[in-house]
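Listed below are the residues making up each chain.
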Amino acid sequence: MIIFRDPAGVPADFGPSVVAIGKFDGVHVGHRAVLERLKADAAAAGARSVAVTFDRNPLEVLRPELCPENVVATDRKLELLGELDLDATLLLTFDRALAALEAEDFVRTILVGALHVVTVLVGRDFRFGRGGAGNPELLRELGPVHGFTVDVVDDVHPAGADRRVSSTWVRELLAAGDVVEAAKALGRPVTVSGEVVHGLKRGRELGFPTANLSEMIDALAPADGIYAGWLDDHDTGIRHPAAISVGTNPTFDDVDRRQVEAHVLDESGLDLYGHHVTVEFTDHLRGMVAFEGMDALIAQIAADVTEARGRLGLA
């Protein structure tokens, strides 16, 4: 997949293209429905398939006090889009200048001028342009003027769900620690990736050494608590079963930020420092609690490890 970071970087002969526009935060199953339709429309038209998205949530610029955490970081979003076999993604820098661009000018300069669009796909609630004035109805009005059609993709409702899939719902599921339902909404397991760094070595002192991820991870971690899952070591290609902790370790009350740390099951002497790893969450085991003493904590960790092993089918 080609990544353009400025409309001016799109070659003059790149089009025609079929374009889907959106924040695509999380690239969840709702987004994937739009992007699968995008590829089908592009194939039918003999055109390029292009996602147009932004380098940040527009609320970060427009209403920072209301801006939620991203489900995934921008680089991770581009990776996920790249896995869908699109021809290109145009990543727009959302700044004050773009926020002030009139909706008609957005269509004229970016969609038509740079991408030579023949079909535009959006969700029903998509808004764009200054003050959010652009919507599917405006696109339908402008289509005949500029020679493109508009395809509005319906919301996706998972089986048994009474609400549509959205990034907001994914955040709510993660905040509840419900990694099973979050995975269904995302269309893939809940994961975070980062570099293994040195921590306080407390897990090792307790007999359960952990791989501590750096503060710079590529996705929103689920709620504080203990999980069963996997650790994929990208340096060695080995996939390890793991018991995973997310939180600030309230028993000791000396950790100043949320940490993701994974205890690899049935391994001793494993050195992962400096390795790039992905931690995958499969099951929520319990919430994070403070224990009265070391013996109680060690006993609970041992029980967590046993339960994680069972959840992963290793018992």
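Summary of the structure given here. (Residues numbered from 1 in each chain as written. Predicted model: local features only at pLDDT ≥ 70, side-chain atom pairs only at ≥ 80, totals over all residues. Heavy atoms only, no water.)

A look at helix 6 (residues 136–146)
Moving on, step 1. All buried positions along helix 6 are accounted for by Pro136, Leu138, Leu139, Leu142 and Gly143. Down the axis of helix 6, the sector holding all buried residues measures 145°, keeping them to one side. Summarising the geometry of helix 6, the exposed residues directed more than 90 degrees from the buried face are Glu141, Pro144 and Val145.
Moving on, step 2. On its buried side, helix 6 packs onto helix 5 (103–114), strand 5 (117–123) and strand 6 (149–153).
Moving on, step 3. Its side-chain oxygen at 3.1 Å from the backbone nitrogen of Glu137, Asn135 defines the N-terminal cap of helix 6.
Moving on, step 4. Within two residues after helix 6, Gly147 carries a phi angle of roughly 80°, on the positive side. (Buried < 20%, exposed > 50% of the residue type's maximum accessible area, 1.4 Å probe, protein only. Helix = DSSP H or I, 4+ residues; strand = E, 2+ residues; numbered from the N terminus. Arc of directions from axis to C-beta. Contact = heavy atoms within 4.5 Å. Polar contact = N/O pair within 3.5 Å; in protein donor to acceptor, adjacent residues only side chain to side chain.)

Considering the pattern of salt bridges
Moving on, step 1. Within the structure shown, the criterion is met by 21 salt bridges.
Moving on, step 2. The salt bridge partner of Arg239 is Glu280, with a shortest N-O separation of 3.2 Å. Of the two residues, Arg239 is situated in strand 10 (residues 238–247) and Glu280 in strand 12 (residues 276–287); the sequence distance between them amounts to 41 residues.
Moving on, step 3. Take Glu280: its relative accessible area is 12%, and that puts it in the buried class.
Moving on, step 4. The network of salt bridges with shared partners includes Arg76, Glu79, Glu83 and Asp218. (Salt bridge = Lys/Arg side-chain N within 4 Å of Asp/Glu carboxyl O.)

A short note on the side chain of Asp41
Moving on, step 1. Summarising the element assignment, Asp41 is placed in helix 1 (residues 29–45).
Moving on, step 2. Put simply, Asp41 is tucked away with no salt bridge, and the nearest opposite charge, on Arg37, sits 5.4 Å away.
Moving on, step 3. Other than its neighbours up to four places away in sequence, Asp41 contacts Val18, Thr119, Leu121 and Asp151. (Lys, Arg positive; Asp, Glu negative; His and termini not counted.)

Points about the nonpolar core
Moving on, step 1. Membership of the largest hydrophobic core comes to 48 residues, with the highest contact counts inside it found for Leu35, Val192, Ile244, Val260, Val279 and Phe281.
Moving on, step 2. Sequence-distant contacts of Val192, defined by excluding residues within four places in its chain, comprise Leu213, Ile217, Asp218, Ala219, Leu220, Ala221, Val260, Val277, Thr278, Val279 and Phe281.
Moving on, step 3. Counting 32 residues, the second largest nonpolar core, distinct from the first, contains Ala99, Phe106, Leu111 and Phe148. (Core = buried A, V, L, I, M, F, W, Y, C linked by side-chain atoms within 4.5 Å.)

Focus on the side chain of Thr191
Moving on, step 1. By secondary structure assignment, the location of Thr191 is in strand 7 (residues 190–197).
Moving on, step 2. Using a relative accessible area of 16% as the deciding quantity, one classes Thr191 as buried.
Moving on, step 3. Non-local contacts of Thr191, meaning those with residues more than four positions away in its chain, are made with Arg76, Ala219, Thr278, Val279, Glu280 and Phe281.

Regarding the pairing of strand 11 (residues 259–264)
Moving on, step 1. Taking burial as the measure, the 6 residues of strand 11 include 6 buried ones, the bulk of the element.
Moving on, step 2. Judged by which residues are buried, strand 11 turns out to be covered on both faces: Gln259, Glu261 and His263 on one side and Val260, Ala262 and Val264 on the other are all buried.
Moving on, step 3. Two strands pair when backbone bridges link them, and strand 8 (residues 211–213) and strand 11 are joined in this way by 2 bridges, in the antiparallel orientation. By the bridge assignment, Ala211 is partnered in strand 11 with Ala262. (Pairing = 2+ DSSP bridges.)

Quick word on the sheet that holds strand 10
Moving on, step 1. If you walk around this closed barrel you meet the 6 strands as 7-8-11-10-9-12, and the pairing is antiparallel. Geometrically, the sheet is characterised by an average inter-axis angle of 40° between neighbouring strands, direction not taken into account.
Moving on, step 2. Relative to strand 8, strand 7 runs antiparallel, the two being bridged by 2 bridges. Counted as the bridge partner of Val197 is Asn212 from strand 8.
Moving on, step 3. Contacts from helix 8 (residues 179–186) reach strand 7, strand 9 (225–233) and strand 12 within the one sheet, and its direction differs from that of strand 12 by about 130°. (Axes fitted to C-alpha atoms, helices over the stretch in contact; angles between N-to-C directions.)

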